[in-house]
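A look at the structure
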Amino acid sequence: MDQRYRLNSRPVADQRAVVQGPDYRITVLTEGLLRLERATDGVFEDRASAFAINRELPVPAFEVVETESHLEVLTDRLQLVYDRGPFSTSGLSVQVRGGVSTWHSVWRYGDHPADGDGNLGGTARTLDMVDGRLPLEPGVLSRGGYALIDDSRTLVLQEDGWVSPRSGEAQDLYLFAYGRDYRQALQALYALSGPQPLLPRWALGNWWSRYHRYSAGEYLGLLDRFADEGIPFSVAVLDMDWHLVDIDPQYGSGWTGYTWNTELFEDPPAFLRELHERGLKVTLNDHPADGVRAHEDAYPAMAKSMGIDPASERPVAFDVTDPDFLQAYFDVLHRPLEEQGVDFWWLDWQQGPHSRIAGIDPLWMLNHFHFLDSARDGRRPLTFSRYAGPGSHRYPVGFSGDTITTWASLDFQPEFTSTASNIGYGWWSHDIGGHMGGIKDDELATRWVQLGVFSPVNRLHSVLSPFTSKEPWQFGPQAQRAMTSALRLRHRLVPYLHTMNHRAAREGVPLVTPMYYEHPWAEEAYRARNQYAFGSQLMVAPITTPADRQLLLGAVTTWLPAGTWVDLFTDLVYDGGREMRLHRGPDVIPVLARAGAIVPLAADALPGNSTDNPAALEVLVVVGEDGAFELIEDDGIGPGDEPGRWAGTSLTFDQASGVLEVAPVRGNAGCVPDRRSWLLTFLAFGADTEPAVTVDGEPVAADTGQVGRRTTVRVEDVPVTATIRVSLGERPRLAANDVDARLFALLHQAQLEYLVKTRAHQAAIADAPLTTRLAQLQALELGRPLEAAIFELLLARPETG
């Protein structure tokens, strides 16, 4: 294979980490990760596998105790006991040490406890045709403290970059024994299986996708309409009708194709140039399973490359196990289209895990080799395909398949997305809005787009139907406004998202993580299945059920960990340490930032399609605690993590002095604009005095103001090498919630009897202790939805309720 198809790996473990007998080998990869092998012929596997590519890790401290009957291996995290025989329930066990009860934290080979092992799940190959929940494959995190990955049957990588199936019946197991130190378990996974790559920055904007028979003119006209509406997109997806579909039946179906339909796209290179000039990258759908038939433009060259006489019109079968076919597949089929302007490929493999050689999954092969191929010529690699098992995090972005358009499907997606991080898979892309089936429901579509904005990748999609398209103007005015606002926000979030992209690649922390990552011992964290951390600064609780028809509000039960939280959209302040029912109108979902949070955004309210490093930024700040954030930007070339490719701008807030500081850029200042304008926005904060602003220590006149419940400071045209300081005064405090006004708005909107509204309002604002008012409201028997909405406002911060 060409050099570019060789994955960098270090598959042979340091021999100092190995404990070995005639037919067993135990490798202490980390203090909490063991490789357990048994081979009756004494031949062990040292090649990289689809899952494990880096076994050469720093040797941890461990102790080996040998007795006549057993072998013990001890680290700070685990104790292995093995009788040196065939792996068995009685002969091989691992006790997780520290922090987990012995009742639930002993792994025994082959044992399946009746109450399960507490595995928190990983992800699944696809959501195709799934309406609601589906079982998940295991991840490497478990409430019981241990998790097992059986790598015995996955393919292995040869030194030349090609692959082969395993031979024999050797057992090859990886046991993660980190207790509830979930972050360290995930670090061990990435150390062994490779890190998440850095995505291109443009992949973090909005993607437009629709299964529709577009012409070039119709597609470009649609993009012009989006531009007129102020709705940005960074990726243009063309589903299968870009190629010939209606073909002579003698050649089979038109499902697979590599020849432009020139009736729809008269000049493909010109069309692709137009997309690029509008600031979009382009991906084409590829269903490769049917190979190459004689009607294709590329057939003669493809046939010759495979030793077939083109005059025979014999099909070139798809055979991903043949290296010659795979080389021609890239060089003959894909490279000419890429030279025309195709940026990456949507690999729509739906034919299962079997190939001509047992143990070689075509989906994994396509993901692996497409990703490596896409890194040529200094490009930042990207592919777009379904999940193919542990180790697939190395090949983003994931395509979760054809989603059913129902509330049940929406309700499962937040959990499905966050739980995938338990197997390191951090970049799912879903069919936002649903692909097929279901009914027209403006509220459902809106809530799905709002989820998409706070998902790893936001790609709108729909089935081949005139009724299911996801343009916001296809919905009612309220839904259109909410969707448009959400899609604009996604592009404004790119500076934050790209920093988290770097964090995921460097530090091994996916963008979306379940609540139990930070709170492994809190039962509430496990109940909050649809709630997640969105990067380091935000917590999201999507609304995934229909609104109450009387209140006209959606609601979600949300766990607020200890601390003080501010809603990013409503500026409502909450005390943490409890579960609450949060209510929102159709325009927003709960997105909360803890005191001390700092969130950088692109400042433009109506951005174009570009996701480049912006010349104007808005920074959202929540006072009340110290905070720090380093904005990371890069030049977009290659993997992006090399020295000299990226720049960092440190943003810090000191609560004691009330000073926000924007530090000079460090690193590659050439990849960011020379000068920047900053809008510094303090959420739920009303300044008693006008903030003082300095640039490099010199006072400057800044545009300060109060917008709703926010204080804003605008500093224009500042060199990125300068230091900006904004002083709010010592120990600034968040504003009290405007409870009375919010209560009136809630009741005014509610579709209820006027007498009920009046009584509820009088009880809520009475000059009486909060406990008395709550008791009176309960006595009115208002019904659970209205009572919960009123209680949210009164109890968000009880001292101001």
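Further up the page is the structure itself.
These remarks concern the structure in this document. (Residues numbered from 1 in each chain as written. Predicted model: local features only at pLDDT ≥ 70, side-chain atom pairs only at ≥ 80, totals over all residues. Heavy atoms only, no water.)

**Here we look at the overall build of the protein**
- Scanning the protein for helices and strands turns up 15 helices and 40 strands.
- Taken against the 2.2 N^0.38 rule, which gives 28 Å for 801 residues, the C-alpha radius of gyration of the protein at 28 Å falls within 12% of a compact globule.
- In terms of overall dimensions, the protein has C-alpha extents of about 85 × 75 × 60 Å along its principal axes.
- Here the protein, with 801 residues, has 60% of them falling under the buried criterion. (Helix = DSSP H or I, 4+ residues; strand = E, 2+ residues; numbered from the N terminus. Rg over C-alpha atoms; globule rule 2.2 N^0.38 Å. Buried < 20%, exposed > 50% of the residue type's maximum accessible area, 1.4 Å probe, protein only.)

**Things to note about the pattern of salt bridges**
- The final tally for this structure, using the stated rule, is 51 salt bridges.
- The residue Asp172 makes a salt bridge to Arg35 at a minimum N-O spacing of 2.8 Å. Here Arg35 lies in strand β3 (residues 33-38) and Asp172 lies in strand β12 (residues 171-176), a separation of 137 residues in the sequence. For the residue pair Asp172 and Arg35, the accessibility class agrees, reading buried in each case.
- For Glu338, the salt bridge identified is with Arg376, shortest N-O distance 2.4 Å. You can see Glu338 sitting in helix α5 (residues 323-340) and its partner Arg376 sitting in the loop between α6 (362-373) and β17 (384-385), a full 38 residues away along the chain. Here Glu338 and Arg376 have matching classes, each one buried.
- A single salt-bridge network, built from bridges that share partners, covers Asp2, Arg4, Asp331, Arg335, Glu338, Asp373 and Arg376. (Salt bridge = Lys/Arg side-chain N within 4 Å of Asp/Glu carboxyl O.)

**Here's the deal with the nonpolar core**
- Core analysis: the biggest nonpolar cluster contains 151 residues, and Tyr329, Phe454, Phe534 and Phe682 have the highest contact counts within it.
- Ranked by the residues each element gives to this core, the list is headed by α5, at eight residues.
- Among all residues touching Phe454, those that are not within four sequence positions of it are Leu489, Arg490, Leu493, Tyr532, Phe534, Leu538, Val540, Phe569, Ile589 and Val591.
- Core analysis: the next-biggest nonpolar cluster, separate from the first, contains 68 residues, Tyr190, Trp565, Leu572 and Leu592 among them. (Core = buried A, V, L, I, M, F, W, Y, C linked by side-chain atoms within 4.5 Å. Contact = heavy atoms within 4.5 Å.)

**Quick look at the sheet that holds strand β1 (residues 18-20)**
- Judged by pairing direction, the sheet is antiparallel, and its five strands sit side by side in the order β1-β2-β3-β12-β9 without closing on themselves. Two strands bound the open sheet, and with one partner strand each, they are β1 and β9 (147-150). Neighbour-to-neighbour, the strand axes of the sheet open up by a mean angle of 20°, direction not taken into account.
- Examined bridge by bridge, strand β2 (residues 24-30) and β3 share six bridges and lie antiparallel to one another. Counterpart to Thr27 in the pairing with β3 is Arg35.
- Running at roughly 145° to β12, helix α1 (residues 182-193) makes contact with β2, β3 and β12 of the sheet. (Pairing = 2+ DSSP bridges. Axes fitted to C-alpha atoms, helices over the stretch in contact; angles between N-to-C directions.)

**Details of the packing of aromatic side chains**
- Tallied over the entire structure, the rule returns 43 aromatic pairs.
- Aromatic pair Phe226 and Trp473: ring centres 5.1 Å apart, planes at 50°, arrangement tilted. Here Phe226, found in helix α2 (residues 216-229), pairs with Trp473, found in the loop between β20 (458-460) and α9 (477-492); they are 247 residues apart in sequence, far enough to count as distant.
- Taken together, a centroid distance of 5.5 Å and an interplanar angle of 85° make the contact between Phe318 and Phe325 edge-to-face. Phe325 carries the same exposure label as Phe318, and that label is buried.
- Taking the ring centre of Trp473 as reference, the NZ or CZ of Arg225 above it sits at 4.0 Å.
- Over the face of the ring belonging to Trp646 we find Arg506, whose NZ or CZ atom lies 4.0 Å from the ring centre. (Phe/Tyr/Trp six-rings, centres within 6.5 Å; stacked < 30°, edge-to-face > 60°. Lys NZ or Arg CZ within 6 Å of the ring centre and 35° of its normal.)

**Remarks on the side chain of Asp575**
- Among the structural elements, Asp575 can be located in strand β26 (residues 573-575).
- Classification of Asp575 by relative accessible area gives buried; the value is 19%.
- Polar side-chain contacts of Asp575 include one of 3.2 Å to the side chain of Arg797. (Polar contact = N/O pair within 3.5 Å; in protein donor to acceptor, adjacent residues only side chain to side chain.)

**Brief notes about helix α7 (residues 407-419)**
- Relative to the 18 Å expected for 13 residues at 1.5 Å per residue, α7 spans 19 Å between its end C-alpha atoms, a close match to the ideal helical length.
- Roughly 30° is the biggest bend found in α7, and it falls at Gln413, with proline Pro414 one to four residues downstream.
- Burial analysis of α7 places eleven of its 13 residues in the buried class, the great majority of the element.
- Elements that come into contact with the buried residues of α7 comprise β19 (428-429), α8 (442-453), β21 (512-514) and β22 (532-534). (Expected span 1.5 Å × (residues − 1). Bend = angle between axes of the 7 residues up to and from the residue.)

**Quick notes on helix α10 (residues 494-507)**
- The first and last C-alpha atoms of α10 sit 19 Å apart over 14 residues, in line with the 20 Å expected at 1.5 Å per residue.
- Burial runs high along α10: eleven of the 14 residues are buried.
- Following α10 by one or two positions, Gly508 has its phi on the positive side, about 70°.

**Section: the packing of α2 against helix α3 (residues 268-277)**
- Two elements in contact, α2 and α3, have axes separated by 11 Å at closest approach and are oriented at 5°. Taken together, the axes of α2 and α3 are roughly parallel relative to one another. Contacts from Ala216, Tyr219, Leu220 and Leu223 of α2 reach α3 at Phe271, Glu274 and Leu275.
- Residues that form the contact of α2 with α3 fall into these classes: six nonpolar, no polar and one charged. (Parallel < 35°, antiparallel > 145°, perpendicular 65-115°, else oblique. Nonpolar A, V, L, I, M, F, W, Y, C, P; charged D, E, K, R; others polar.)

**Overview of the packing of helix α14 (residues 770-779) against helix α15 (residues 784-795)**
- In the contact formed by α14 and α15, the axes pass within 11 Å of each other and the chain directions differ by 175°. By the angle class used here, α14 and α15 are roughly antiparallel. Mapping the contact onto sequence places Leu770, Arg773, Leu774, Leu777 and Gln778 in α14 and Glu787, Ile790, Phe791, Leu794 and Leu795 in α15.
- Class assignment for the residues of the contact of α14 with α15 results in seven nonpolar, one polar and two charged.

**Side note on the sheet that holds strand β35 (residues 675-682)**
- Strands sit in the order β29-β30-β35-β39-β38 across an open sheet of five strands; the sheet is mixed. The strands lining the two open edges of the sheet, one partner per strand, are β29 (598-602) and β38 (703-707). For this sheet, the mean inter-axis angle between neighbouring strands, taken without regard to orientation, is 20°.
- Looking at chain direction, β35 and strand β39 (residues 710-719) are connected through seven bridges and run antiparallel.

**A few points about the environment of Ala50**
- Topologically, Ala50 is positioned in the loop between β3 and β4 (63-66).
- Sequence separation of Ala50 and Thr154 is 104 residues, and the distance between their C-alpha atoms is 6.1 Å.
- Leave out the neighbours within four places in its chain, and Ala50 touches Thr154, Leu155, Trp364, Pro390, Gly391 and Arg394.

**Notes on unusual backbone geometry**
- Cis geometry is adopted by the peptide bond preceding Val397, which originates at Pro396 and carries an omega value of 15°.
- Its identity is not glycine, yet Arg84 carries a phi of approximately 70°, on the positive side.
- On the basis of relative accessibility, which here comes to 23%, the residue Arg84 falls in the partly exposed class.
- With phi around 60°, Asp377 is a residue other than glycine that occupies positive phi space.
- Structurally, Asp377 is set in the loop between α6 and β17.

So yeah, pure geometry; function would need other evidence.
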